[in-house]
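So the chains spell out like this:
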Amino acid sequence: MALHLDWAGVLTGQPAQWITSGFLTTVWVTVAGMVLATVLTVLLLALRLAGGSVGRSVVAVWVSLFRNTPLLVQLLFWYFAAWNLLPQSFRQYVNDDHAFSILPGDVWWFTPEFLSSAWALGLFTAAFLVEEIQAGLLAVPKGQIEAAQSQGFSQLALFRWVLLPQGLHNAWQPVVGQYLNLMKLSSLATGIGFAELTYQTRQIESYNAHALEAFAVGSVLYLALGLVMSLLFNLPRQWRALRRAPEAQRDR
């Protein structure tokens with residue numbers, strides 16, 4: 001018996017609108033989670049490097065807590081437990097309609113679902129990013145550190161001009177991998193009713209039973225988004241490599 005796929009049931013009408021909305025929502029929550037994760041990583045790294053034993057202990061607890069508990073459990077905690085601990089006036093304000101809440105693509109970000117999802121994704125990813133960057137910093141040759149110290153570099157200058165550039169270079173691919181993982185893990189937010197791409201594909205399944213077509217389209221969109229993100233993150237390195245190629249040929 002031949003398998004008949006009805007793509008019109010997914011790519012036209014209401015299902016197509018759901019798919020588009022879910023994809024744009026996934027894009028925006030990924031961006032929000034990445035920004036939050038980056039800010040938190042900078043703060044955690046500063047605390048680990050300059051906070052003494054207390055700072056290192058705080059970061060160690062943070063990393064252990066968020067890396068060793070499932071993200072879905074964290075999402076459920078932030079949405080169903082922590083959200084209800086916030087002041088009633090604030091929760092009511094978030095639930096009201098606001099013009100500033102609408103992002104391009106008609107995506108509403110100032111909602112409990114979006115805020116809880118971005119918050120959970122940012123905290124979870126930061127716990128991994130700080131370890132990746134720390135590993136990159138530790139991979140910087142000690143000879144370069146000693147050379148900088150012999151030239152009179154202060155600790156701040158040493159970190160700014162020697163450790164950080166090379167540490168980020170060493171850790172860049174793992175860091176990019178964590179950002180890509182954040183995008184994929186955003187699909188877990190369907191567990192709190194967040195209308196991202198996975199949620200919308202499941203809605204199509206309930207709407208017209210075109211489950212195979214819906215999840216196929218969803219998978220292609222996740223793949224396309226991941227490829228675009230990977231290209232954008234690696235573009236600066238590729239551009240620098242292209243600029244250095246003529247110089248290397250001249251040196252020969």
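As shown above, the structure is provided for reference.
Just so it is clear, the model here is predicted, and its values are computed rather than measured.

Things to note about the packing of helix α2 (residues 13-50) against helix α8 (residues 155-185)
Contact geometry of α2 with α8 gives a least axis separation of 12 Å together with a crossing angle of 140 degrees. Accordingly, the angle class assigned to the pair α2 and α8 is oblique. Crossing geometry of α2 relative to α8 is assigned as right-handed. Along its contact with α2, which presents Thr 30, Gly 33, Met 34, Thr 38, Leu 45 and Leu 49, the element α8 presents Phe 159, Tyr 179, Leu 182 and Met 183.

What about the packing of aromatic side chains?
Per the stated rule, a full pass over the model turns up 14 aromatic pairs. Geometrically, the ring pair formed by Trp 62 and Phe 66 is tilted, given 4.9 Å between the ring centres and 45 degrees between the ring planes. Here Phe 66 and Trp 62 lie together in helix α3 (residues 52-67), a separation of 4 residues that amounts to about one turn. Take Phe 66: its relative accessible area is 8%, and that puts it in the buried class. Note that Arg 160 overlies the ring of Trp 161, its terminal NZ or CZ placed 4.1 Å from the centroid.

Looking at helix α4 (residues 71-85)
The first and last C-alpha atoms of α4 sit 20 Å apart over 15 residues, in line with the 21 Å expected at 1.5 Å per residue. Along α4, the helix axis deviates most sharply at Trp 78, where the bend reaches about 35 degrees. Taken together, the buried positions of α4 are occupied by Leu 71, Gln 74, Leu 75, Tyr 79, Ala 82 and Trp 83. Buried-residue contacts for α4 involve α3, α5 (88-95), α6 (112-138) and α8.

Examining the pattern of salt bridges
Within this structure, the stated rule accounts for 1 salt bridge. The salt bridge involving Glu 131 is made with Arg 48; its shortest N-O contact spans 2.7 Å. Taken together, the residues Glu 131 in helix α6 and Arg 48 in helix α2 connect sequence positions 83 residues apart. Judged by relative accessible area, Glu 131 falls into the partly exposed class, the value being 28%. The exposure class of Arg 48 is buried, given its relative accessible area of 13%.

Comments concerning the nonpolar core
Counting residues in each nonpolar core, the largest one holds 55 residues, and the members touching the most others are Leu 71, Phe 114 and Met 229. Elements represented by at least two residues in this core include exactly α2, α3, α4, α6, α7 (142-150), α8, α9 (197-208) and α10 (211-251). The leading source of residues in this core is α6, at 13 residues. Not counting chain neighbours up to four residues away, the residues in contact with Met 229 comprise Thr 30, Met 34, Tyr 179, Leu 180 and Met 183.

Here we look at the environment of Thr 20
In this fold, Thr 20 is placed in helix α2. Classification of Thr 20 by relative accessible area gives partly exposed; the value is 44%. Taking the C-alpha atoms as reference points, Thr 20 and Val 54, separated by 34 residues in sequence, lie 47 Å from one another.

Considerations on the packing of α7 against α8
Contact pair α7 / α8: the axes reach a minimum separation of 10 Å and the direction vectors enclose 150 degrees. Regarding the angle of α7 to α8, the classification is roughly antiparallel. Helix-helix and strand crossings are classified by hand; for α7 and α8 the assignment is right-handed. Listed contacts from α8 to Gln 144, Ile 145, Ala 148 and Gln 149 of α7 are Gln 155, Leu 158, Val 162, Leu 163 and Gln 166. Taken together, the residues of the contact of α7 with α8 break down into 5 nonpolar, 4 polar and no charged.

The rules behind each value
In this numbering scheme, every chain counts its residues from 1 along its sequence in written order. Local features in this predicted model are restricted to residues of pLDDT 70 or higher, and side-chain atom pairs are both shown and tallied only at a pLDDT of 80 or more, whereas totals for entire chains, interfaces and linings draw on every residue. Side-chain numbers come from the whole structure's heavy atoms, not from hydrogens or water. Between N-to-C directions, angles cover 0 to 180 degrees, with each direction set by a line fitted to C-alpha atoms, over the stretch in contact for helices. A helix here means a DSSP run of H or I that spans at least four residues, while a strand means a run of E at least two residues long, and both kinds are numbered starting from the N terminus. Here is the rule for angles: anything less than 35 degrees is roughly parallel, anything more than 145 is roughly antiparallel, 65 through 115 is roughly perpendicular, and the remaining ranges are oblique. A crossing counts as left-handed when the near helix is turned anticlockwise from the far one by less than a right angle, and as right-handed when that turn is clockwise. Any pair of residues with heavy atoms lying within 4.5 Å of one another is described as a contacting pair. Stacked, edge-to-face and tilted are the three classes for Phe, Tyr and Trp ring pairs, Trp counted by its six-membered ring, which pair at centre distances within 6.5 Å; planes under 30 degrees apart are stacked, over 60 edge-to-face, the rest tilted. Buried means the residue's accessible area, taken with a 1.4 Å probe over protein chains only, is under 20% of the maximum for its type, while exposed means over 50%, and partly exposed covers the values in between. Counted as over-ring charges are cases with an Arg CZ or a Lys NZ within 6 Å of the ring centre that also lie within 35 degrees of the ring normal. Given a helix with a known number of residues, its expected span is that number minus one, times 1.5 Å. Throughout, the bend at a residue refers to the angle made by two axes, fitted to the seven residues ending there and to the seven starting there. Whenever a carboxyl oxygen of Asp or Glu lies within 4 Å of a side-chain nitrogen of Lys or Arg, that contact is scored as a salt bridge. Only buried residues count toward a nonpolar core. Its members are Ala, Val, Leu, Ile, Met, Phe, Trp, Tyr and Cys residues joined through side-chain atoms within 4.5 Å. For this scheme, ten residues count as nonpolar: Ala, Val, Leu, Ile, Met, Phe, Trp, Tyr, Cys and Pro. Four count as charged, namely Asp, Glu, Lys and Arg, and the remainder, Gly too, count as polar.

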